[in-house]
Structures are given as structure tokens and as C-alpha cells.
Amino acid sequence: MTNRLAEEKSLYLRKHAENPIDWWPWCDEALETARVQNKPIFLSIGYSSCHWCTVMEGEAFSDLEIAQYMNTNFLPIKVDREERPDLDSIYMQTLQFMSGQGGWPLNVFLAADDLVPFYAGTYFPVDPRYGRPGFLQVLEALRRYYDTEKEELRQRKALIVEALLTSAVMQKVTNQEVADNQLLQKGWETCTGIITSKQVGNSFPMIPYAEFALRGTRFNYQFQYDGQQVCTQRGLDLALGGIYDHVGGGFHRYTVDPTWTVPHFEKMLYDNGQIIEYLANLWSGGIQEPAFERAVAGTVKWLQREMTAQGGYFYAAQDADSFINSTAIEPEEGAFYVWSYRELQQLLTTEELNELQQQFAVTANGNFEGQIVLQRSHPGELSQTLEIALSKLFTARYGATPESLSNFPPARDNQEAKKTNWPGRIPAVTDTKMIVAWNSLMISGLARAAEVFQQPNYLELAAQAARFILDHQFVDGRFHRLNYEGEATVLAQSEDYAFFIKALLDLHQATLGQLDHVSSQNSDWLEKAVSLQDEFDEFLWSIELGGYFNTSSDNSQDLIVRERSYIDNATPSANGIAIANLVRLALLTDNLHYLDLAEQGLTAFKGVMSNSPQACPSLFTALDWYHNSTLIRTSTEQITSLINKYLPTVAFAMVSDLPERSVGLVCQGLKCLPAPANVEQLLEQVQRSQNRG
């Protein structure tokens, strides 16, 4: 028997449809029912590819005794964080206030009357273990506390609300208190230090930090680390490590060790888009490591083969777990990706296996629970022998050769994964929903890679996804965040606006450099960006505080506080990207209103940047744009020759009426420099212009 979640579109919610818990989706009816029945709300937030979310679903949420107590004493609500990042952000802050750390599944207990949380945690086992209490014990203790400790409950909630409001408002500092050039250096030193190799713990891509660290290398700061070496090493860790799928392409979410060896095997669209852009930027900056180009090309092939819908948009994620065979009860982590040594002996020739062992971390004992995760030991190009060996492994995994397999259909849920007659291994489940923000990150990555590697097909792939969003994500004149099988839903949030405006601007720039290869219908990217920015400003800009709220003014009624995202996590902060967009729009349209908004936004977050530089690398990127923005007005031919260089605060404008005997104009804010007579002079002006802040 199923519960209410069986009718939901979210794959994550439907995974809980057969739980004995009487789940509700987040909706007005659920909140009102909790108030009428005076039941505390148990709010559980996760996402479809979350491993420990899956574990808890199969354990505590499937336990009959726990379900009976939960249904009697609480109002249980399930939320997909990818549908409602605004809710997730607020209640994740609560967990961090209480415990000093966060993670998913996010399980929060709320008072029914005001939705204020009074307790929060992550994974709860059925029985006490891992130093954690059993879930039923937790439920019983919290219900007793809710009923008997009214005054303490009131005080506890008041402290939490105060902390949330303080975080949402933030303390401003004036321009005189911290000089922006000092702030930029502080941000760069912080970001560079954060991505320097460490000796313990998990390894995450942390691309917003790596991107700003790479930007700052042009300033020649004196620091204990060599910035370019640090940024190059981050690229090598990604392109050579087990975090990259050397057989099928695409990057996993992170590794569970400091050596970039064993990944947490889910593949998220947002990681892959950011990594493609970062590796392309490294290449354009002169660090032309063949492994970078191979990883980008392999990731694009994976994207086309497994993550692109017929309509042209990109799917959200692939799970970490998959079934060993059709009779398996539970999926196993990494089963689709790892190899036994015996398999390698059977599939490869002796010469191929020997060379694989020389170039990859391959031993008879393996490096992951007796299995082997492929991790490269050396940079450089792979030999033809190794490419053939990896192709054989691809064929064993997918049941077809790389050359013959252009489309690999997704397994949309566990039942489909088990019942389909796959020619190779059973794949992990793919969450096929379309998320505007994540698609936008991939569009930007593809646009940059198209410029740098001169690959028009990358640009066309990006353009198709952008066209889908433009054609399908506006309902009654308003921008929407998600699309399920052609149906747009959930009003867009700040990250959707900010990331898609950036994607449109990136497409506009990339198209200027490849006009011969891309259809003319792409020529209005800038116009679309301006139109969407108008809607963003109307519904999400904070007139009183500066910056953008996470949610629109007419879609925040169910939130206990209205936040403005400034912290970078696995994805960049919405305000960091949005403020950089405003500077770019000012350059490309000559509309100084955008520059005014950018200044107000930076002023709003300057206190955070000064006091917590480790939290907000994307805001430092925006500050870099604000102080070093440069516009090159030149011909299509010159744009084509320049656009593949690493010029992080440059925008291009195509013009035909240049001064006589000039190759272009380099403009800074409200002035243009003397017209350069040749490309060398132009580049010299550009380099100085990018360092003036």
C-alpha cells in the first residue's frame, strides 16, 4: 500500500511512497493539519542520489514500529531539496547552529504553530549504533519534550529564530573600513589555502574556490603557496583521480579519502558543468595538460549519451548505488563502476593489463572493498594500447562499444533498473528531472569548453538546452525552476535566475567567436538575458538590504525567514553569480543601472567577505569583475582569436566601425583607452586593465 508520495513527480519523494510512514509533501494542507491536530512536524529533506538518504529509507522509514509511533505523534513531511532549496537552506542552518555541521538526510522537528525548528539531525539508525541513538528513542524523547517542556521549548525556538534573522540580515561595513584591493587579496589567499592538498578527510571539487584562486594568479600576490601550482594540482586531482570515470566519462561527486581515489559514486550535473568550465580555464591559461582535454571530451560524451533528454535539456543526477543482478534485493554502492582484478584479467590482454597497472592504481587486492577504482598514476596522453583497454571495459559495462553507443537510455527507478534487459551491467538510476540552475552550470561549462577547445558541437549542445529552457520554463509570464517530462513547475529561485543569466551571457560571448558554426537563432542570447534580469530584479531584489532573496516576493509565505544566498557550497552562491552578471550586463549594454545594483550588492555582503572569506568565493569573483571589468570592442575575426585565452574579467562586443588602423578598443568602465594599432598592443592594454583593481 502506498502513501501520498506515490502521486508526486519527484523521484526522491516517490522512493518513499511505499514506506509505512504516512508521509505528506510540503503543502498548505499538511501544515494546516499539523496545526489543527497540534502535532509537531517531522520534516525530512534529502535528494534522490543521496546514499544515506537511501539507507534511512530502507531502515528507519520502513520500520513498522517506528512508523506507527511517527504517524500517531508527528506530522511527517518529505521534501526534495532539489525542488525546494530555499527550505533546505533555512533548516540546514538550524542543524549547523545546533551541531556545527550539516549533511543529508536532513531531519528536522518543527513546532506546528510557527514552523520554527527545535531539534535537528542527519542519519538516525533504527537501533543505537555509530554513537547515535535509535530513531524510536529520539522520537519518544522529542515528543515528550514537546508536550512537557513548554517554556524551554519557547526559549529554544526564540534563540533559533534570532540566529536565523541575524544571519539573514547581516552586518554591513562601509567601503572605508576595508579596502577592496586588500579584500581581494584576502579572498585569494583564503581560497588558495582551502584548495591546497590536505592530509585527511573527504575530497570535494570545490570549484568556486578553485576558480577564484585561478583568477587571482594574475595579480602576482606574494603568498606561502604558488597559486598556479595549486590550481594546476586541483585540475590534476580531478582529471587523474578516481573521482573521474576514466571508462565512461563524467565526474563523481567527491572522494571519501584525501588522495582522490575512492569516490562517492553519484554523478551530479552541477559538478560536471563546473569542472568542465574550470578545466577549460586552466587550458586557456596555458596549462595544457592532455588529461584535462581528455576528461572534458569524455564528460561531454557521457552527457550526450546518458544525461541529455530528447528535448535537449540535461538530467539532474545519477545514483551512487546499482544492482549487481536482477535478483538482488538492495543496490550496492559503485557496482556499475568498479572492477575485480579477475575481470580485468579476463577482459584484457596481458600487454593491456600490464600497461594498465603501470599507468593506473591497479592491484590484485584492489583499493575499494576488494574491488578496483581506476585512478591514473601519471599525467600526459594515454597510449593507444590503454585507450583500447579502456574501450574494452566500456563494452563490458555498457554492452556496446563506445563508437556504437550514442544513446544509453536512463533507468528511471529501481524497478526499471532491475526489469530492463540491459546488454551490460545494470546501471544506476538516473533522476531525469530538469533543474534550471544545474542545466545552466552545464551550459556555461560547455560554452567555455567550446571556446577553448574550438568544438562547435559543445556549443550546439549548450544552445539546445538553453532553447529548451527559454521555450518551456515560462508559465503565465513567470520563470520556473523544474521540468518533469515537459511540465514546468515550482517558481524559479535566485540560483535559477542567476545561473541562467550567466549561461545566456556565456552563450552570447561564445557565439561571437563561432558565428560560422552556430545557427542564427542563437543571436538573441543577450536580449534574453536582459529580459530575465528584469524579472529577477522585480521579484527578488532586496530594496532595503541589497542583493537578491532566494525566493520571490510572492512565493515566500511558507518560509520563517527570507534568506539571501551568499555562501558557496557544491554550487556557487546565487548572489555571487548575480552580481558578476550585473557587471557584465553593464559592459555589454552600457546601462549603468546594472553597475549601481552591483555596487549595492557588494556593499550588502562586504561584511561577510571581510569576516568570513572562506564562505563566499563567488562574491570575490564578483568583486574582481566590479573592479577589473574590461570590454574589448573589436571585429569577429579578432574575437575568434582572443576568446580562447584566459581573460577572466573581459567581455567582448562585436563592432565594425573601429578607428582607422586599429584592431579594437579596450574600455574600462566609463572610458576607452587609446586605440591599439596591433594585437600585441591590445593584449598589453587588456592585461593592465585586468589588474587595475
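So, how was this worked out
Residues numbered from 1 in each chain as written. Predicted model: local features only at pLDDT ≥ 70, side-chain atom pairs only at ≥ 80, totals over all residues. Heavy atoms only, no water. Domains from an automatic or database assignment. Contact = heavy atoms within 4.5 Å. Buried area = accessible area lost by both parts, 1.4 Å probe. Pairing = 2+ DSSP bridges. Helix = DSSP H or I, 4+ residues; strand = E, 2+ residues; numbered from the N terminus. Axes fitted to C-alpha atoms, helices over the stretch in contact; angles between N-to-C directions. Buried < 20%, exposed > 50% of the residue type's maximum accessible area, 1.4 Å probe, protein only. Polar contact = N/O pair within 3.5 Å; in protein donor to acceptor, adjacent residues only side chain to side chain. Disulfide = S-S within 2.5 Å.

What follows deals with the domain arrangement of the chain. Taken domain by domain, the chain comprises domain 1 (4-169), domain 2 (202-307 + 317-431) and domain 3 (434-690). Each of domain 1 and domain 2 was reduced to a C-alpha centroid, and the two centroids are 34 Å apart. Contacts between the two partners involve nine residues from domain 1 and, on the opposite side, 15 residues from domain 2. Around 910 Å² of area is buried between domain 1 and domain 2 when both sides are counted, 45% of it from carbon and sulfur atoms.

Spatial strand order, 8-9-12: three strands in an open sheet with antiparallel pairing. Among the strands making up the open sheet, the edge pair consists of strand 8 (267-268) and strand 12 (430-431). The sheet contact formed by strand 8 and strand 9 (residues 317-318) spans two bridges and is antiparallel. By the bridge assignment, Met-268 is partnered in strand 9 with Ala-317.

A word on the sheet that holds strand 1 (residues 24-25). A sheet is described by the order of its strands in space; here five strands give the open sequence 1-3-2-4-5, paired in mixed fashion. Looking at the sheet topology across the chains shown, the edges are occupied by strand 1 and strand 5 (117-121). Sheet analysis places strand 4 (residues 106-110) next to strand 5, joined by four bridges and oriented antiparallel. The residue bridging Asn-107 from the neighbouring strand is Gly-121, located in strand 5. Across the sheet, helix 2 (residues 28-37) is in contact with strand 1, strand 2 (41-46) and strand 3 (75-80); its angle to strand 3 comes to roughly 155°.

Considering the arrangement of structural elements, one finds Glu-416 in helix 16 (residues 414-419). Accessibility expressed as a relative area gives 29% for Glu-416, which makes it partly exposed. Remark: the alpha-carbon pair of Glu-416 and Thr-395, spanning 21 residues in sequence, is separated by 21 Å. If we ignore the near neighbours within four places in the chain, the residues touching Glu-416 are Pro-410, Ala-411 and Trp-422. A distance of 3.2 Å separates a polar side-chain atom of Glu-416 from the backbone nitrogen of Arg-412.

Okay, the state of the cysteines next. Summed over all chains, the structure comprises two disulfides. Paired through a disulfide, Cys-50 and Cys-53 show a sulfur-sulfur distance of 2.3 Å. Its S-S torsion of approximately 80° makes the covalent link between Cys-50 and Cys-53 right-handed. Overall, Cys-50 belongs to the buried group, its relative accessible area being 4%. For Cys-53, a relative accessible area of 2% corresponds to the buried category. Note that Cys-667 is cross-linked by a disulfide to Cys-672, the S-S spacing being 2.1 Å. The chirality of the disulfide connecting Cys-667 with Cys-672 is right-handed, given an S-S dihedral of about 90°. Accessibility expressed as a relative area gives 4% for Cys-667, which makes it buried. Looking at Cys-672, the relative accessible area reads 42%, which means it is partly exposed. Ordinal numbering of bonded cysteines along the chain defines a disulfide pattern of 1-2, 3-4. In this structure Cys-616 is a free cysteine whose sulfur lies 8.0 Å from that of Cys-191, the closest cysteine sulfur available. Residue classification places Cys-616 among the buried residues on the basis of a relative accessible area of 0%.

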